[in-house]
Amino acid sequence: MYDFDTPVNREGTKAYKLELREKYFGSNEVLPLWVADMDFSAPPAVCEAIQARAAHNIYGYTIRTKEFNEAIKNWLMRRHNWSVENSWIEYSPGVVPALTFSIMSFTMPGDGVIIQTPVYPPFYSVVKDNDRKVVKNPLVQENGSYRMNFEELEILTAKPENKVLILCNPHNPLGRVWTKDELETLGDICHRNNVLVLSDEIHSDLMLFGNKHTPFASVNEQMANNSITFMAPSKTFNIAGFNTSYVVASNSRLLNGYRQVLNKLHLNMGHVFSEVILETAYNEGEDWLGELISYLEANARFVVDFINENMPEVKVKLPHATFLTWLDFRSWGWSQKDLVAFLVNKAGVGLNDGVSFGVEGEGFMRMNIASPRSVIKKALEQIFNARKELN
Ligand SMILES: Cc1ncc(COP(=O)(O)O)c(C=O)c1O
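Residues numbered from 1 in each chain as written. Predicted model: local features only at pLDDT ≥ 70, side-chain atom pairs only at ≥ 80, totals over all residues. Heavy atoms only, no water.

Focus on the environment of Thr 280
Assignment of secondary structure puts Thr 280 in helix H12 (residues 274–284). In this structure Thr 280 comes out as buried when scored by relative accessible area, which is 9%. Taking the C-alpha atoms as reference points, Thr 280 and Ala 341, 61 residues apart in sequence, are found 43 Å from one another. (Helix = DSSP H or I, 4+ residues; strand = E, 2+ residues; numbered from the N terminus. Buried < 20%, exposed > 50% of the residue type's maximum accessible area, 1.4 Å probe, protein only.)

Here is the structure:
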């Protein structure tokens with residue numbers, strides 16, 4: 001019913017992904033498969049609701065009603081079998097800002113914040129920019145898959161200066177879905193050592209190949225009590241430019257701690273479209289999401305098949321979730337600088353540098369596959385042809 005195949009021209013929309021190519025790649029020509037938004041139109045129902053609201057020409061201060069929380073509550077129940085109460089939910093003007101407010105509220109300058117690397121770059125900056133210390137608990141790669149290092153996590157969480165862990169559930173850039181057992185083990189270690197878990201679940205609706213998302217706080221009472229969950233319709237429905245997201249915490253001390261900073265900074269108002277987009281997306285976007293997921297699965301298969309057939313020395317696995325793939329170029333034996341220069345200057349593709357996620361990303365690149373298949377095909381062919389020319 002929905003068209004993901006026809007390219008949509010984003011020129012003239014001031015899209016970050018397009019406009020900042022010159023700055024990041026030194027060229028406006030590269031195919032933009034980097035920033036984590038999608039090259040697909042948002043669900044028609046969402047576009048219509050925005051246009052209907054925009055048709056009224058007064059854009060004054062706007063409240064959120066209880067329907068905002070209702071839509072979230074119903075969504076979490078339907079999609080993730082997670083029963084939450086309206087009073088556990090609070091608005092946030094973006095997931096990264098909400099992580100920042102939580103770091104500000106629950107830690108002091110100099111405290112340690114544990115992150116599991118390689119990981120989404122703002123996990124570093126929300127810590128460093130607030131004068132806290134990044135404490136790395138790198139993920140361990142085994143046979144092309146990644147697992148958590150719980151032995152090391154025990155040691156890190158036992159240090160009293162380490163107060164918080166930011167979890168990426170599911171994981172960006174690895175596309176890894178954490179199992180209930182893994183989350184339980186992590187939750188137990190953090191609880192025993194008094195380390196608060198901030199669970200970033202922004203990609204949780206984009207489960208591929210029948211994988212199931214487990215909200216960290218849904219596993220048991222203890223984990224619910226020791227965590228804040230960060231969610232949004234932004235990745236799911238390609239509406240990230242509206243900066244509308246939310247946090248969930250059943251522990252009122254934690255929710256109030258978050259709220260204190262949100263209110264102190266006077267960022268609790270939201271904007272004129274916050275409620276319209278979230279409610280419409282959650283209440284009317286499910287058919288569209290179903291088709292999107294099928295399309296992303298086919299794109300992921302296409303990438304893996306193309307690489308296995310044409311460049312089998314490059315390693316890639318089907319992601320469990322997200323519209324991101326993690327390409328392992330280490331067998332080429334190049335420096336990261338040479339790899340990036342080749343992809344930009346010879347292949348003409350703009351991917352995310354693996355090292356931007358941490359030193360563990362050396363030899364890797366992240367490719368966003370939320371584009372029409374023809375674009376993904378073109379990018380892969382450009383890489384393949386440029387590589388062939390070097391031989
Ligand atoms: C794990 C993760 N968290 C947060 C964000 C961004 O969230 P927001 O735009 O709501 O700040 C992204 C975007 O790529 C992400 O991958």
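Focus: the domain arrangement of the chain
Examined at the domain level, the chain breaks down into domain 1 (16–43 + 286–386) and domain 2 (60–284). Taking the mean C-alpha position of each, domain 1 and domain 2 sit 25 Å from one another. Counting each side, the surface lost to burial between domain 1 and domain 2 is near 3000 Å², with a carbon and sulfur contribution of 59%. It is Glu 286, His 320 and Phe 357 that lose the most area in domain 1 upon contact with domain 2, and together they represent 25% of the buried surface on that side. Applying the counting rule to domain 1 against domain 2 returns three salt bridges. Arg 79 is the partner of Glu 286 in a salt bridge, and the nearest nitrogen-oxygen pair spans 3.2 Å. Viewed at the interface, domain 2 and domain 1 are joined by 20 residue pairs in polar contact (both at pLDDT 80 or more). Counting residues per element, the ones that place at least two in the side of domain 1 that touches domain 2 are helix H13 (286–310), strand S11 (324–328) and strand S14 (364–368). No other element matches the nine residues that H13 contributes to the side of domain 1 that touches domain 2. (Domains from an automatic or database assignment. Buried area = accessible area lost by both parts, 1.4 Å probe. Salt bridge = Lys/Arg side-chain N within 4 Å of Asp/Glu carboxyl O. Polar contact = N/O pair within 3.5 Å; in protein donor to acceptor, adjacent residues only side chain to side chain.)

Examining the site of the ligand
In the vicinity of the ligand, the contacting residues are Ala 36, Gly 94, Val 95, Val 96, Pro 97, Tyr 120, Cys 168, Asn 172, Asp 200, Ile 202, His 203 and Lys 235. Here an oxygen atom of the ligand sits 2.7 Å away from a polar atom, N or O, in the main chain of Val 95. One of the backbone nitrogen or oxygen atoms of Val 96 is found 2.9 Å away from an oxygen atom of the ligand. Surface burial for the ligand is 89%, taken as the share of its 400 Å² of free accessible area covered by protein chains. Broken down by element, the residue count for the shell around the ligand peaks at three residues, all from helix H5 (residues 95–106). (Near = heavy atom within 4 Å. Areas by Shrake-Rupley, 256 points an atom, 1.4 Å probe, with all protein chains shown as cover.)

What to know about the sheet that holds strand S3 (residues 112–115)
Whenever strands of a sheet pair, they do so through backbone hydrogen bonds, lying parallel or antiparallel. Taken in spatial order, the seven strands make up an open sheet running S2-S10-S9-S8-S7-S3-S4, and their pairing is mixed. One side of each edge strand has no neighbouring strand; the edge strands of this open sheet are strand S2 (89–92) and strand S4 (133–136). Neighbour to neighbour, the strand axes of the sheet diverge by 25° on average, direction disregarded. Taken together, the three bridges between strand S9 (residues 227–231) and strand S10 (residues 245–248) define a ladder with antiparallel strand orientation. In the strand pairing of S10, Phe 230 is matched with Val 247. The sheet contacts of helix H8 (residues 180–192) involve strand S7 (162–168) and strand S8 (196–200), and relative to S7 the element is tilted by about 165°. (Pairing = 2+ DSSP bridges. Axes fitted to C-alpha atoms, helices over the stretch in contact; angles between N-to-C directions. Contact = heavy atoms within 4.5 Å.)

Examining unusual backbone geometry
A cis amide bond links Thr 117 with the next residue in sequence, Pro 118, at an omega value of 0°. Looking along the chain, the bond that leaves Asn 172 and enters Pro 173 is cis, with omega of 20°. With respect to the helices and strands, the residue Pro 173 is situated in the loop between S7 and H8. Backbone geometry places Asn 81, a non-glycine residue, at a positive phi of 55°. Mapping Asn 81 onto the fold places it in the loop between helix H4 (66–80) and S2.

What to know about helix H3 (residues 44–54)
The set of residues buried in H3 consists of Ala 45, Val 46, Ala 49 and Ile 50. Relative to the axis of H3, the buried residues are bounded by an arc of 135° and lie together on one face. Facing away from the buried side of H3, by more than 90 degrees, are the exposed residues Glu 48, Gln 51 and Ala 52. Where the residues of H3 are buried, they touch H12. (Arc of directions from axis to C-beta.)

Digging into the packing of H4 against H12
Interaxial distance between H4 and H12 falls to 9 Å at its minimum, and their mutual angle equals 25°. The angle between the axes of H4 and H12 places the two elements in the roughly parallel class. Here H4 and H12 pass one another in a crossing that is left-handed. Side by side, H4 and H12 meet where Glu 67, Phe 68, Ala 71, Ile 72, Trp 75 and Arg 78 of the first sit next to Ser 274, Glu 275, Leu 278, Glu 279, Tyr 282 and Asn 283 of the second. (Parallel < 35°, antiparallel > 145°, perpendicular 65-115°, else oblique. Left-handed = near helix turned anticlockwise from the far one by under 90°.)

Section: the sheet that holds S14
On the basis of which strands lie adjacent, the open sheet formed by three strands has the order S11-S14-S13 and antiparallel pairing. Looking along the sheet, the strands with just one partner apiece sit at the ends: S11 and strand S13 (352–353). With two bridges connecting them, S13 and S14 associate as antiparallel partners. Paired with Asp 353 across the bridge in S14 is Met 365.

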